[in-house]
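Chain by chain, the residues run as shown.
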Amino acid sequence: MRTKLMLVAGFGALLAVVPAWAHHAFAAEFDAQKPVKLTGTVTKVEWINPHAWIHIDVKDADGKVTNWMIEGGSPNTLLRRGMTKNSLETGTVVVVDGYQAKDGTSRANGRDITFQDGRKLFVGSSDAASAPPADAK
Amino acid sequence: MKHRFATWSGFATWSVCSIAGAALALAQTPAAKPASAKAAAIAKKYTAPRTADGQPDLQGIWSNATITPLERPDDLAGKPTLTAKEAAEYEAAVNARENRDRRDGGNAADVGRAYNEAWYDRGTKVIETRRTSLIIDPPDGKIPALSGAAKQRIAAAADRRTRVAEGPEDRTLSERCLNWATAGPPMLPSAYNNNYQIVQTRDFVAISNEQIHDVRMIPLDGRPHPPKEVRQWLGDSRGHWEGDTLVVDTTNFTDKTVFRGSSANLHLTERFTRTAADTLTYTFSVDDPSSFAHPWTAQIPSEKIDGPIFEYACHEGNYGMVGILSGARDAEKKAGK
């Protein structure tokens, strides 16, 4: 038991040092002081590298619509899991829990993207049951 | 707690190569013990099929994803290998800690975790030998002592990631879509797209990295390296066969890429051996006296995957660079600059 705790602690210490960024320092682009929660409909999906971007129309309380772009990861991993940009159809309603761009524009990093019922939009294969319908082709 | 692991459902389980892998490690370290003769005999049990040109066939798409770290964690000093039980516990701990679905740690940590776990594919397992570091030499599994110049190079790279950017040249090579650090050479696991494809002809071996889609062309005809004045982003590679192992010698690096503190004088030696049908054992040795007190070597078994490799046209959608620079200008405006 003691060995197990030591192991976990040791690796934990190491992992604290390993940088979490994959492509770039997200903190340089997005503002931790500006969390956003947006509900919108998908208008366009840019299924590209280095990051996929999902465009959504968000309607505010006054009915004004603003188009936001939401950053995801590299689409290659999702492609391998059978998801494509067609897996996310135009008009789908999504909820984005993220952080707004530092320059205040309508851009956010898509920390969590879910359907309205809370199911995750993009999932690993262990959660295949809640994945959106994959493009059959 | 349900762990969400990156998928390996399409991948075969690791083929039984732990003995061969360990044998290879023993056979190739300068401090090889007397057991190496026996280990080499075990390693020879698998013979790679041949290409039409009669070369060992290393072709295919290989993934080097693993959670085994390059260097041995301090808490495991003196413990070169985990038991099967310890490895399982380590994997569970690492997968839980690395899970990007975590919402603990406050907003700043959240921003860094960027997007959820579904996008990541960093591997969920340690290497099959359960060695606690990818480094096999020196035996302590640590990068040797760094020179002052090497430390400065590392500090400059860290500074680049945090300072306010005046322009794109202030940002990292990966943010500029010029070069991906873990694609190297040498090649190391990364957050995702840990895939590379090897194609062989009679005269060349080509290695294509998924991220960020560079191809290294390695001539096998024994031609010399270019003059030292010629410097290339990926260095200049030359290959030859030693038995069933492809040995690749790379020099002529620029000073723009820094591998753990390395300089333009980096001399890299890579060895590729197919140690099982589904396993390509990749070993690299770093020789750079201006950076490291002595040479060091790491080994990563890579697993054959079905592929395909997808295109990674990095700059096609590089909105990130625009966002970073725009954010920097906005911060200056707010600070009244």
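Analysis parameters
- Residues numbered from 1 in each chain as written.
- Chains lettered and ligands numbered in written order.
- Predicted model: local features only at pLDDT ≥ 70, side-chain atom pairs only at ≥ 80, totals over all residues.
- Helix = DSSP H or I, 4+ residues; strand = E, 2+ residues; numbered from the N terminus.
- Buried ≥ 20, exposed ≤ 12 C-beta atoms within 10 Å, placed from the backbone.
- Contact = placed C-beta atoms within 7 Å.
- Pairing = 2+ DSSP bridges.
- pLDDT = per-residue confidence, 0-100.
- Axes fitted to C-alpha atoms, helices over the stretch in contact; angles between N-to-C directions.

Moving on, we come to the overall build of chain A. Scanning chain A from N- to C-terminus turns up two helices and five strands. Its helices and strands taken in sequence order, chain A reads α-β-β-β-α-β-β from the N to the C terminus. Relative to its 137 residues, chain A shows a buried fraction of 40%. Within chain A, residue pairs in contact and separated by at least 24 positions form 52% of the contacts whose partners lie at least 6 positions apart.

Another point: the pairing of strand β3 (residues 195-200) of chain B. Within a regular strand, side chains alternate between the sheet's two faces. Residue and element names in this part refer to chain B. Taken together, the four bridges between strand β1 (residues 60-63) and β3 define a ladder with antiparallel strand orientation. Opposite Trp62, over in β3, you have Tyr196 as the bridge partner. Bridge count between β3 and strand β4 (residues 204-209): five bridges; the pairing is antiparallel. By the bridge assignment, Tyr196 is partnered in β4 with Asn209.

Time to look at unusual backbone geometry. Of the consecutive residues Asn49 of chain A and Pro50 of chain A, the connecting peptide bond is found in the cis state with omega at -5°. Its place among the elements puts Pro50 of chain A in the loop between β1 (30-46) and β2 (53-59). The omega torsion of the bond from Pro185 of chain B to Pro186 of chain B falls at 5°, within 30 degrees of zero and hence cis. Unusually for a residue other than glycine, His213 of chain B sits at a positive phi of about 70°. Relative to the elements of secondary structure, His213 of chain B occurs in the loop between β4 and β5 (215-219). C-beta crowding within 10 Å serves as the criterion here: with 18 such atoms nearby, His213 of chain B is assigned to the partly exposed category.

On to the confidence of the model for chain B, then. Residue and element names in this part refer to chain B. When pLDDT is averaged along chain B, the result is 88; 87% of the residues meet or exceed 70. Confidence drops under a pLDDT of 50 for residues 1-34, and excluding neighbours within four residues, the segment shows 84 contacts in the predicted structure. For this predicted complex, the interface score ipTM comes out at 0.81, alongside a pTM of 0.84.

Read around the barrel, five strands follow the order β1-β2-β3-β5-β4 (chain A) and close on themselves; strand pairing throughout is mixed. Looking at each pair of strands side by side, their axes are set apart by 55° on average, direction ignored. Helix α4 (residues 106-113) of chain B rests against β1, β4 (93-101) and β5 (107-114) of chain A of the sheet, and its axis sits at about 35° to β1 of chain A.

Time to look at the environment of Gln33 of chain A. Position of Gln33 of chain A among the secondary structure elements: in strand β1. Measuring from C-alpha to C-alpha, the distance between Gln33 of chain A and Tyr99 of chain A comes to 7.8 Å, with 66 residues separating the pair along the chain.

Here we take up the pairing of strand β7 (residues 245-251) of chain B. All names here are of chain B. Across the seven residues that make up β7, a large majority, five, are buried. For strand β6 (residues 236-242) and β7, the ladder comprises seven bridges, and the chain directions are antiparallel. Paired with Glu242 across the two strands is Thr245, which belongs to β7. Connecting β6 to the next strand, β7, in antiparallel fashion are two residues, including Gly243 with a positive phi near 60°. As paired elements, β7 and strand β8 (residues 267-276) share six bridges and run antiparallel to each other. Within β8, the residue paired with Leu246 across the bridge is Phe272.

Before going further, it helps to spend a moment on the environment of Trp47 of chain A. All names here are of chain A. Note that Trp47 resides in the loop between β1 and β2. Taking C-alpha positions, Trp47 is 9.4 Å from Asn86, a pair spaced 39 residues apart along the chain. Not counting residues within four places of it along the chain, the set of residues in contact with Trp47 comprises Ala52, Pro75, Thr84 and Lys85.

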